[in-house]
Amino acid sequence: MIRLLLADDHPVVRRGLRAVLETEPGFTVVAEAATAEQAVALATSETVDVVLMDLQFGPGMHGAAATAAITARPGAPRVLVLTTYDTDADILAAIEAGATGYLLKDAPPDELAAAVRTAAAGRSALAPTVARRLMARMRTPATALSRRETEVLELVADGLSNQQISKRLHLSQATVKSHLVHVYSKLGVDSRTAAVAAATDRGVIRRSGA
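Residues numbered from 1 in each chain as written. Predicted model: local features only at pLDDT ≥ 70, side-chain atom pairs only at ≥ 80, totals over all residues. Heavy atoms only, no water.

Concerning the pattern of salt bridges
Okay, so step 1: Scanning the model with the defined rule gives twelve salt bridges in all.
Okay, so step 2: A salt bridge links Glu24 to Arg117, with the nearest nitrogen and oxygen atoms 3.3 Å apart. Placement of the pair is Glu24 in the loop between helix 1 (11-21) and strand 2 (27-33) and Arg117 in helix 5 (residues 109-120), with a sequence separation of 93 residues.
Okay, so step 3: Take Arg117: its relative accessible area is 33%, and that puts it in the partly exposed class.
Okay, so step 4: Here Asp90 makes a salt bridge to Arg206, at a shortest N to O gap of 2.6 Å. (Salt bridge = Lys/Arg side-chain N within 4 Å of Asp/Glu carboxyl O. Helix = DSSP H or I, 4+ residues; strand = E, 2+ residues; numbered from the N terminus. Buried < 20%, exposed > 50% of the residue type's maximum accessible area, 1.4 Å probe, protein only.)

What follows is the structure in structure tokens.
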């Protein structure tokens, strides 16, 4: 029996996931979490094999941070990210945090069930679009933004100045400028606005308000 924890801040989504997953043989939903903090606590207190983790929970801990907290302890459950976001920034954050899989919420039920079983077995479970994005990054590493460069550009997109970014990421302003120079070069642009526009169009960062 594969024991599941559903972590999503939308009750309707959790209810829908439970309805789909509990029709699958060998699955049982043992707990639900409405916040990332709750997910971390339940992953520790309950006997769980796979956590289905959303990335956005509103104010508070992000899904990637919760994933890192869960997977850091010995014998931790596998984390399968289930989200609407497929940008490089989100994918890299989740995988670097220790997620075993990354699936989009529009995945059909059979694909979701297969991904849960794959994750439970300790194997990587990636949505086809996510796998393609990662493969593209591997094929063109010279033009792929690093995780830190992506973080800096996301904060630029949020309207933060270099000084604010340096404080947020605990970097010197010179380092922030250096990251932006690399971002401009990789994206083939020469301004902050153009960098944000190019990265958004390519799916590197989320569209504003998404």
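Picking up where we left off.
A word on the sheet that holds strand 1 (residues 2-7)
Okay, so step 1: Within the open sheet, the six strands sit side by side as 2-1-3-4-5-6. Their pairing is parallel. Each edge of the open sheet is held by one strand with a lone partner, namely strand 2 and strand 6 (125-126).
Okay, so step 2: Contacts between helix 2 (residues 36-45) and the sheet are confined to strand 1, strand 2 and strand 3 (50-53), with strand 2 contributing the most and set at about 135 degrees to the helix.
Okay, so step 3: Where helix 3 (residues 63-71) meets the sheet, it contacts strand 3 and strand 4 (78-83), and its direction lies at approximately 170 degrees from that of strand 3. (Pairing = 2+ DSSP bridges. Contact = heavy atoms within 4.5 Å. Axes fitted to C-alpha atoms, helices over the stretch in contact; angles between N-to-C directions.)

As for the nonpolar core
Okay, so step 1: Of all hydrophobic cores here, the largest spans 31 residues; its most connected members are Leu4, Leu21, Leu52, Leu80, Tyr102 and Val116.
Okay, so step 2: No other element matches the five residues that helix 5 contributes to this core.
Okay, so step 3: Core analysis: the next-biggest nonpolar cluster, separate from the first, contains 20 residues, Ile165, Leu169, Val176 and Leu187 among them. (Core = buried A, V, L, I, M, F, W, Y, C linked by side-chain atoms within 4.5 Å.)

Some words on the packing of aromatic side chains
Okay, so step 1: One pass over the structure, following the stated rule, counts zero aromatic pairs.
Okay, so step 2: A cation over a ring is seen here: Arg206 above Tyr85, with NZ or CZ 3.5 Å from the ring centre. (Phe/Tyr/Trp six-rings, centres within 6.5 Å; stacked < 30°, edge-to-face > 60°. Lys NZ or Arg CZ within 6 Å of the ring centre and 35° of its normal.)

Focus: helix 10 (residues 192-201)
Okay, so step 1: Those residues of helix 10 lying buried are Ala195, Val196, Ala198, Ala199 and Thr200.
Okay, so step 2: In this fold, the buried residues of helix 10 make contact with helix 7 (147-157) and helix 9 (173-187).
Okay, so step 3: Gly203 lies just past helix 10 and shows a positive phi near 75 degrees.

Things to note about the packing of helix 7 against helix 10
Okay, so step 1: Interhelical geometry of helix 7 versus helix 10 gives an angle of 110 degrees and a closest axis separation of 10 Å. In terms of axis orientation, helix 7 runs roughly perpendicular to helix 10. Of the two possible hands of crossing, helix 7 and helix 10 adopt the one that is left-handed. Packed against helix 7, whose contacting residues are Leu153, Val156 and Ala157, the element helix 10 presents Arg192, Ala195, Val196 and Ala199 at the interface.
Okay, so step 2: By residue class, the composition of the contact of helix 7 with helix 10 is six nonpolar, no polar and one charged. (Parallel < 35°, antiparallel > 145°, perpendicular 65-115°, else oblique. Left-handed = near helix turned anticlockwise from the far one by under 90°. Nonpolar A, V, L, I, M, F, W, Y, C, P; charged D, E, K, R; others polar.)

A closer look at the packing of helix 3 against helix 4 (residues 88-97)
Okay, so step 1: Running from amino to carboxyl end, helix 3 crosses helix 4 at an angle of 15 degrees, the nearest separation of the two axes being 8 Å. What the angle tells us is that helix 3 and helix 4 run roughly parallel. Between helix 3 and helix 4 lies a crossing whose hand is right-handed. Where helix 3 abuts helix 4, its residues Ala64, Thr67, Ala68 and Thr71 lie against Ala93, Ala94 and Ala97.
Okay, so step 2: Tallied by class, the residues present in the contact of helix 3 with helix 4 amount to five nonpolar, two polar and no charged.

Here we look at the side chain of Asp8
Okay, so step 1: On the secondary structure map, Asp8 appears in the loop between strand 1 and helix 1.
Okay, so step 2: In this structure the side chain of Asp8 is engaged in a polar contact, spanning 2.8 Å, whose partner is the backbone nitrogen of His10.
Okay, so step 3: In this structure Asp8 touches Val13, Arg14, Ala33, Ala34, Asp54, Phe57 and Lys105, once residues within four positions along its chain are discounted. (Polar contact = N/O pair within 3.5 Å; in protein donor to acceptor, adjacent residues only side chain to side chain.)

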